[in-house]
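# Structural overview for review
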Amino acid sequence: MTVSIVIPVYNESATVEELLRRVASVPITKEVIVVDDGSSDGTRPLLTHLHESGLIDQLVLHDRNRGKGAALRTGFRYATADVVAVQDADLEYDPGEIPRLLAPIADGRADAVYGSRFLGGPHRVLFFWHMIGNRFLTLLSNVLTDLNLTDMETCQKLVRRELLQSLPLTVDRFGIEPEITARLAQAKARIYEMPVSYDGRSYAEGKKIGWKDGFSAIWFILRCNLMGPKARPWDAPRPAWLEEDAEE
């Protein structure tokens, strides 16, 4: 099984090199796809250097800042592996957890796996109201999708590539998280949740999402669940890697 690790980047010069070195050490067969979304803080020339040094397999450069959702959708189009893993560049999520999160997909039980910050993993203690906001957004999403997720907004998601590339994703900014969840629910995908560690950043350390993005997320939860384009139910084929294992 191979994994495409898609990393959206915007003004992350302080963390992206360390993140990519951690990704390089993850013991799986992988391709690393980085999409720079119009960085202006020196991230772009750094990424070019890291690409030349072999830490990045595919580097895609947006000519202007279009938003996290646009960067992810670009990365998804370039993915060629069996599974796509979303990995932020800010070190809040540990790429070393990807092999563990991959297990339910690898053994054929799941089509997607969410790494939940609220299932008991170690985490940095930070913002109470951010936690309340995340739980409210997850509740609203669950009401409309009929899922029982604990962390819809998690930025550590793994999805089978063929399924992910079949979803009609359109959102450009942070609303991509509820959109992915809505489309997976519409596709009747099998979703697992597993606990992950979370080392959240403060605003002084570069955290970008704020209360305005929370109100925007409410709109996208409603729009993506109640209006089109909706995903068609996905007839999941037996994973090719399970067929290869059976032949061996």
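Refer to the preceding data block for the structure.
This text gives an overview of the structure that appears in the document. (Residues numbered from 1 in each chain as written. Predicted model: local features only at pLDDT ≥ 70, side-chain atom pairs only at ≥ 80, totals over all residues. Heavy atoms only, no water.)

## Quick look at the overall build of the protein
- Of the regular secondary structure elements, the protein holds nine helices and seven strands.
- A total of 248 residues make up the protein; the buried ones form 52% of that total.
- A fraction of 82% describes how many contacts in the protein between residues 6 or more apart in sequence connect residues 24 or more apart.
- Element-wise, carbon and sulfur atoms account for 54% of the exposed surface of the protein, whose accessible area totals about 11400 Å². (Helix = DSSP H or I, 4+ residues; strand = E, 2+ residues; numbered from the N terminus. Buried < 20%, exposed > 50% of the residue type's maximum accessible area, 1.4 Å probe, protein only. Contact = heavy atoms within 4.5 Å. Areas by Shrake-Rupley, 256 points an atom, 1.4 Å probe, with all protein chains shown as cover.)

## Quick word on the sheet that holds strand β5 (residues 112-116)
- Read from one edge of the open sheet, seven strands run β3-β2-β1-β4-β6-β5-β7, paired in mixed fashion. Looking along the sheet, the strands with just one partner apiece sit at the ends: β3 (58-61) and β7 (191-195). Looking at each pair of strands side by side, their axes are set apart by 20 degrees on average, direction ignored.
- Note that strand β1 (residues 2-9) and strand β4 (residues 83-86) share four bridges and pair parallel. Looking across to β4, one finds that Ser4 is bridged to Val84. (Pairing = 2+ DSSP bridges. Axes fitted to C-alpha atoms, helices over the stretch in contact; angles between N-to-C directions.)

## Focus on empty space enclosed by the protein
- Summed over the entire model, instances satisfying the criterion amount to one cavity of 30 Å³ or more.
- In terms of lining, the largest cavity is formed by Phe76, Val84, Val86, Lys157, Val159, Leu164 and Ile180.
- Breaking the lining of the largest cavity down by element, the ones donating at least two residues are β4 and β6 (157-160).
- For the lining of the largest cavity, the per-class residue count stands at six nonpolar, no polar and one charged. (1 Å grid on protein atoms, 1.4 Å probe; cavity = no way out; pocket = protein on both sides within 12 Å on 5 of 7 lines; lining within 4 Å. Points joined across faces, edges and corners; volume = space filled by probe spheres on them. Nonpolar A, V, L, I, M, F, W, Y, C, P; charged D, E, K, R; others polar.)

## Focus on the packing of helix α3 (residues 68-78) against helix α7 (residues 176-186)
- Close contact between α3 and α7 brings their axes to 9 Å; oriented N to C, the two are set at 50 degrees. One way to sum up the angle between α3 and α7 is to call them oblique. On the side of α3, the interface is formed by Lys68, Gly69, Leu72, Arg73 and Phe76, while α7 contributes Ile176, Glu177 and Ile180. (Parallel < 35°, antiparallel > 145°, perpendicular 65-115°, else oblique.)

## Quick word on the pattern of salt bridges
- The full count for this structure, using the stated rule, is 13 salt bridges.
- Where Asp107 meets Arg109, a salt bridge forms, and the shortest distance between an N and an O atom there is 2.9 Å.
- Assessed through its relative accessible area of 39%, Asp107 is described here as partly exposed.
- Notably, a salt bridge pairs Glu179 with Arg183, separated by 3.7 Å at the nearest N-O pair. Highlighted residues: Glu179 and Arg183, both in helix α7, separated by four residues, approximately one helical turn. Side by side, Glu179 and Arg183 carry an identical accessibility label, which is buried.
- Because the salt bridges share partners, they merge into one network encompassing Lys68, Asp88, Lys157 and Glu177. (Salt bridge = Lys/Arg side-chain N within 4 Å of Asp/Glu carboxyl O.)

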